[in-house]
Amino acid sequence: MVLGLLGPSLVLIALFVVGPVGYAIWLSLTNKTLTGFGAQTPEFIGLENYRRLLTSADFLHSMGRTGEFIFFSAIVGQFLLGMLAAVLLTKSTVRAKGLFGGAILLPMVVPEVVASLAWASMLAPGQLGTVNRTLDAVGVTPLAWLQEHPMASLIVINTWRGIAFAMIMFQAAIEGISDDLIEAAHIDGAGARKVFRYITLPLIRGPIFLFLLLTTITTASVFGLIYFLTRGGPGGQTQVTSIYIYEHSFAFFQLGLGSAASVIMLVVVLVLGLTYVRLARVEV
Amino acid sequence: MVTESRARPAAAAHRPGRGTGLRGAMARAALRRTGIYFVIGLLSVFCVVPFAWVVLASVDKTAGLYLELPSLTIENFRRFFSDPTTPRLLFNSLLISGGATLLALVLALFGGYALSRFKFFGRRTLMFTILLVRVVPATATIVPLYIMMIRLHLNNSYTGLILVEAAYQLPLVLWLMKGFFDSIPVELEEASWIDGCSRLGGAVRIVFPLSRPGLGAAALFTFINVWGDFLTPLVLLQSAEKYPISIGMFRAFSAHNQVDWGLLTATAVLYMVPTVLLYLFARRYLLKATFTGALKG
């Protein structure tokens, strides 16, 4: 009975999600290519792909860039701005919370491609680009952002897109704190800053950690946003691991090498995911 | 969720023992409130401003890459529907998202019921495994998936893409449906068994109808996710007549020096309107779905 009901779902997941993971591991041990000799008769070459990757400056740089992208956009940017929004929007004195909350939610809910397109205009080079025009007011000379500061631009964009996710997680956590506790601290003479530092922050340590894990996992696999705007360029400056995998597999046709890079990424993400599942203690 | 406010006595806002009388305290409170509105306002503007160009250019007769006041026209939208290629994008997106949603939901309806009602060996482990499968990044499975699809003769086909998209969404939908079924008392079914219904008959006649609101939320959520996907169709589809909007927009944007900004932004508006509207009307449900498995309860 159980098998009959649950079976079809599990078959589909096994076939198209779990199966490819296993297949990726197999492919990563071969010299499979999309065209030419390796396409017909891929040979088993052991850990050769991994050896090549781990000694390739290109791949190691892509990992470094992924780390940079995650650290600055997710761990710093989204965390700080999301926390700021959450703290302000849980204040009882603030009106029109729905309006502000809805505005901050917008970047998260629109399709990835629309978000990217919007920023193509924002960061357009020359004096007429929106960002350049704004910065002109404070005396900054116009820049071709996506060419001159591609990584910084993408970090800002990804921060922008993820503020809402952090905000919602922190809002839920802050709302869960007993009012009496904050009341008591106020009576004892603690100001807003002290209440935040000594009461709010320690009490929502759990959700903060979970957010950091989740956002690291999702940010590691960001692809569309970067591919749409820079395609990993210029000169490979924004080639994060997800772009590296795509380029090497589908532009250079090295499927074996691309699979090995996928497996490395997968291992890192699954370790984070396992930590998450253990710590989240979600009810089953 | 976002709109909920915490009721706290207003008196707590100004703290005793720090001011020079009531007037000073009130002035400080007003100043602080202004500051709060300024910061949250700035953050909101930052989040919304990038969309100004998309919307304004879509109704601009002479749309370009830069934000400017439009000379109003609905010509761009008219062209979207009369163009030989763009209506097809909309149709494809609807077909792929609709198909994947339907498939994922039907499977999760039965699967979620089993996870909720039967206490079989390894159920907990299975639930956690399903949750873990959710974190597998699409970028990491796309290469083997591509080769598999060629082998299965499902490459460059709606069927193949729909199967893959449904499989990606299933873990979350299973969790969602299990949660909804948990909230429906077993006693209702038990009554139907006594009346002669089979186990499955009880589920279909009593439980499934009651879970309709949950089913609706799960459907919207799945639809939005597939609707916005970029990587999977980019790899699994090769013929332009099968592209969904995301890929069509990317191709149009990449046509250097000859981008039709009016048509492209009109497409973007039509593409984002469904998701924005759904969030506007069902924000609470959709956000709850987003955080299923992420937050307790």
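Focus on the overall build of chain A
Consideration 1: Within chain A, the regular secondary structure consists of 15 helices and 0 strands.
Consideration 2: Each principal axis of the C-alpha distribution contributes one length, and for chain A these read about 75 × 65 × 35 Å.
Consideration 3: Put simply, chain A has 284 residues, and 57% of those count as buried.
Consideration 4: Nonlocal contacts in chain A, meaning residues at least 24 apart in sequence, comprise 67% of its contacts between residues at least 6 apart.
Consideration 5: Charge separation in chain A, taken as the distance between the mean sites of 16 positive and 14 negative side-chain charges, equals 2 Å.

Describing the overall build of chain B
Consideration 1: Tallying secondary structure elements over chain B gives 13 helices and 0 strands in all.
Consideration 2: Listing every helix and strand of chain B by position from the N terminus yields α-α-α-α-α-α-α-α-α-α-α-α-α.
Consideration 3: Computed over its C-alpha atoms, the radius of gyration of chain B comes to 25 Å, more than 25% above the 19 Å expected for a compact globule of 297 residues.
Consideration 4: A principal-axis box enclosing the C-alpha atoms of chain B has dimensions of 75 × 60 × 35 Å.
Consideration 5: Residue burial in chain B is summarised as follows: out of 297 residues, 54% are buried.
Consideration 6: Intrachain contacts of chain B at a sequence separation of at least 6 include 70% that bridge at least 24 residues.

Re the interface of chain A and chain B
When the parts of a complex come together, some accessible area is lost, and that lost area is often taken as the interface size.
Consideration 1: The partner chain B presents 103 residues to the 106 residues of chain A that form the contact.
Consideration 2: In this assembly, chain A packs against chain B so that about 9,600 Å² is buried in total across both faces, 79% of it on carbon and sulfur atoms.
Consideration 3: For the pair chain A and chain B, the number of links is 0 salt bridges.
Consideration 4: For the pair chain A and chain B, the number of links is 10 residue pairs in polar contact (both at pLDDT 80 or more).
Consideration 5: Here the side of chain A that touches chain B gets 17 residues from one element, more than from any other, and that element is helix α1 (residues 2-27) of chain A.
Consideration 6: Counted by class, the side of chain A that touches chain B contains 74 nonpolar, 20 polar and 12 charged residues.

Some thoughts on the pattern of salt bridges
All names here are of chain A.
Consideration 1: Taken as a whole, this structure holds 5 salt bridges over all chains when the rule is applied.
Consideration 2: One salt bridge connects Glu 48 with Arg 51, and the closest N-O pair in it is separated by 3.2 Å. Here the residue Glu 48 and the residue Arg 51 both occupy positions in helix α3 (residues 48-54), the gap between them amounting to 3 residues, near one helical turn.

Remarks on the domain arrangement of chain B
Residue and element names in this part refer to chain B.
Consideration 1: Here the domain parsing of chain B yields domain 1 (21-73) and domain 2 (84-290).
Consideration 2: Using only C-alpha atoms to locate each centre, domain 1 and domain 2 end up separated by 34 Å.
Consideration 3: At the boundary of domain 1 with domain 2, total buried surface from both sides reaches about 630 Å², with 86% on carbon and sulfur atoms.
Consideration 4: Counting across the domain 1 and domain 2 interface gives 0 salt bridges.
Consideration 5: Across the domain 1-domain 2 interface, the total number found is 1 residue pair in polar contact (both at pLDDT 80 or more).
Consideration 6: Tallied by class, residues from the side of domain 1 that touches domain 2 come to 7 nonpolar, 2 polar and no charged.

Structural notes on the nonpolar core
Consideration 1: In this structure, Ile 104, Leu 117 and Phe 170 of chain A together with Met 249 and Trp 261 of chain B are the most contacted members of the largest nonpolar core, which totals 196 residues.
Consideration 2: In this structure, this core is formed jointly by two domains, domain 1 (21-73) and domain 2 (84-290) of chain B, each of which donates at least three residues.
Consideration 3: Once you skip the residues sitting within four places of it in the chain, Ile 104 of chain A turns out to touch Ala 85, Ile 163, Ala 164 and Met 167 of chain A together with Ile 40, Leu 43, Ser 44 and Cys 47 of chain B.

A look at the packing of aromatic side chains
Consideration 1: One pass over the structure, following the stated rule, counts 30 aromatic pairs over all chains.
Consideration 2: Their ring planes at 35 degrees and their centres at 6.2 Å tell us that Phe 165 of chain A and Phe 211 of chain A sit as a pair that is tilted. Residue Phe 165 of chain A is found in helix α9 (residues 150-175), and its partner Phe 211 of chain A is found in helix α12 (residues 205-220); the two are separated by 46 residues along the sequence.
Consideration 3: Between Phe 80 of chain B and Phe 81 of chain B the ring centres are 5.0 Å apart and the planes differ by 80 degrees, which places this aromatic pair in the edge-to-face class.
Consideration 4: Linked through ring pairs, Phe 223, Tyr 227, Phe 228, Tyr 246 and Phe 250 of chain A together with Trp 53, Tyr 146, Phe 230, Phe 250, Phe 253 and Trp 261 of chain B together constitute an aromatic cluster.
Consideration 5: Of note, Arg 197 of chain A hangs over the ring of Tyr 198 of chain A, and the distance from its end group to the ring centre comes to 4.9 Å.

Describing empty space enclosed by the protein
Consideration 1: All chains considered together, the criterion is met by 2 cavities of 30 Å³ or more.
Consideration 2: Of the volumes computed, that of the largest cavity is approximately 1,700 Å³.
Consideration 3: Taken together, 49 residues make up the lining of the largest cavity; nearest its centre are Arg 161, Thr 218 and Ser 221 of chain A together with Arg 134 and Asn 225 of chain B.
Consideration 4: Every residue along the wall of the second largest cavity is listed here: Ser 93, Ile 96, Ser 97, Glu 165, Val 226, Trp 227, Asp 229, Pro 233, Pro 244, Ser 246 and Tyr 271 of chain B.
Consideration 5: Elements with a minimum of two residues in the lining of the second largest cavity: α4 (86-117) and α10 (212-228) of chain B.
Consideration 6: The dominant element in the lining of the second largest cavity, judged by the number of residues it contributes, is α4 of chain B, at 3 residues.
Consideration 7: Across the lining of the second largest cavity, the residue classes tally to 6 nonpolar, 3 polar and 2 charged.

Comments concerning the side chain of Glu 112 of chain A
Consideration 1: Its place among the elements puts Glu 112 of chain A in helix α6 (residues 112-122).
Consideration 2: Summary of buried charges: Glu 112 of chain A has no salt-bridge partner, and the nearest side chain of opposite charge, Arg 161 of chain A, is 5.4 Å away.
Consideration 3: Polar contacts involving the side chain of Glu 112 of chain A include one to the main-chain amide nitrogen of Leu 225 of chain A, which spans 3.4 Å.
Consideration 4: If sequence neighbours within four positions are ignored, Glu 112 of chain A has contacts with Arg 161, Phe 223, Gly 224 and Leu 225 of chain A together with Gly 228 and Phe 230 of chain B.

Remarks on the confidence of the model for chain B
As a note on interpretation, predicted positions should not be read in detail where pLDDT is low.
Consideration 1: The predicted model of chain B averages 85 in pLDDT, with 91% of residues at 70 or higher.
Consideration 2: Here helix α8 (residues 186-194) of chain B is the element of chain B with the lowest mean pLDDT, 80, and helix α11 (residues 231-236) of chain B is the one with the highest, 95.

Considering unusual backbone geometry
Consideration 1: Of the consecutive residues Gly 233 of chain A and Pro 234 of chain A, the connecting peptide bond is found in the cis state with omega at -10 degrees.
Consideration 2: Structurally, Pro 234 of chain A is set in the loop between α13 (224-229) and α14 (241-251).
Consideration 3: If you check the backbone angles, His 153 of chain B has positive phi at about 55 degrees while not being a glycine.
Consideration 4: With respect to the helices, strands and loops of the structure, His 153 of chain B is situated in the loop between α6 (138-151) and α7 (158-182).
Consideration 5: His 153 of chain B gets classed as exposed once you look at its relative accessible area, which sits at 71%.

Brief notes about the environment of Ala 104 of chain B
Residue and element names in this part refer to chain B.
Consideration 1: Within the secondary structure, Ala 104 is located in helix α4.
Consideration 2: Between the alpha carbons of Ala 104 and Ser 192 there is a distance of 27 Å; along the sequence they are 88 residues apart.
Consideration 3: In this structure Ala 104 touches Ala 166, Leu 170, Val 173 and Thr 222, once residues within four positions along its chain are discounted.

Regarding the packing of helix α5 (residues 97-109) of chain A against helix α13 (residues 261-290) of chain B
For any two helices packed against each other, one specifies the inter-axial angle together with the distance between the axes.
Consideration 1: The contact between α5 of chain A and α13 of chain B brings their axes to 11 Å, and the two run at 110 degrees. Classed by the angle they form, the pair α5 of chain A and α13 of chain B counts as roughly perpendicular. Residues Gly 98, Gly 101, Gly 102, Leu 105, Leu 106, Met 108 and Val 109 of chain A of α5 of chain A lie in contact with α13 of chain B, whose contacting residues are Thr 275, Val 276, Tyr 279, Arg 283 and Leu 287 of chain B.
Consideration 2: In terms of residue class, the contact of α5 of chain A with α13 of chain B is built from 7 nonpolar, 4 polar and 1 charged.

Scoring rules and cut-offs
Residue numbers here run from 1 along each chain, matching the order of that chain's written sequence. For naming, the first written chain is A and the first written ligand is 1, with later ones following in the order written. Confidence filtering applies because this is a predicted model: local features only for residues at pLDDT of at least 70, side-chain atom pairs given and counted only at 80 or more, and all residues used for totals across whole chains, interfaces and linings. Working from all heavy atoms in the structure, the side-chain values ignore hydrogens and water. The numbering of helices and of strands both runs from the N terminus, where a helix is a DSSP run of H or I of at least 4 residues and a strand a run of E of at least 2. Burial classes: relative accessible area under 20% of the type maximum marks a residue as buried, over 50% as exposed, and values in between as partly exposed (1.4 Å probe, protein chains only). Contacts between residues were defined by any pair of non-hydrogen atoms, one from each residue, lying within 4.5 Å. Counted as positive: Lys and Arg. Counted as negative: Asp and Glu. His and the chain ends are not counted at all. Throughout, a charge is located at the NZ atom of Lys, the CZ atom of Arg, the CG atom of Asp or the CD atom of Glu. Computation of the radius of gyration draws on C-alpha atoms alone. For the globule rule, the value is 2.2 Å times the number of residues to the power 0.38. Buried area is calculated as the accessible area (1.4 Å probe) missing from two parts once they are joined, with the contributions of both summed. The term salt bridge refers to a pairing of a side-chain nitrogen on Lys or Arg with a carboxyl oxygen on Asp or Glu at a separation within 4 Å. Polar contact is the term for a pair of N or O atoms within 3.5 Å; when the atoms are in protein, one must be able to donate a hydrogen and the other to accept it, and sequence-neighboring residues count only if both atoms are side-chain atoms. Ten residues, namely Ala, Val, Leu, Ile, Met, Phe, Trp, Tyr, Cys and Pro, are considered nonpolar, four, namely Asp, Glu, Lys and Arg, are considered charged, and the remaining ones, Gly among them, are considered polar. Each domain's extent was defined by an automatic or database domain assignment. To define a nonpolar core, start from buried Ala, Val, Leu, Ile, Met, Phe, Trp, Tyr and Cys residues and group those joined through side-chain atoms within 4.5 Å. In this scheme Phe, Tyr and Trp rings, the latter by its six-membered ring, pair at centre separations within 6.5 Å, and the angle between planes marks the pair as stacked below 30 degrees, edge-to-face above 60, and tilted otherwise. Distance and angle both matter: a charge sits over a ring if NZ of Lys or CZ of Arg is within 6 Å of the ring centre and within 35 degrees of the ring normal. Buriedness for pockets is judged along seven lines, at least five of which must meet protein on both sides within 12 Å for an open set on the 1 Å grid over protein atoms alone, while cavities are sets there where a 1.4 Å probe fits but cannot get out, and lining residues have an atom within 4 Å of a point. Grid points are joined across faces, edges and corners, and a volume is the space filled by probe spheres set on the points. As a per-residue measure, pLDDT reflects the predictor's confidence and takes values from 0 up to 100. Axes, fitted as lines to C-alpha atoms, cover a helix only where it is in contact. Angles between the N-to-C directions of the axes lie from 0 to 180 degrees. Relative orientations are named as follows: roughly parallel for angles under 35 degrees, roughly antiparallel for angles over 145 degrees, roughly perpendicular for angles from 65 to 115 degrees, and oblique for any other angle.

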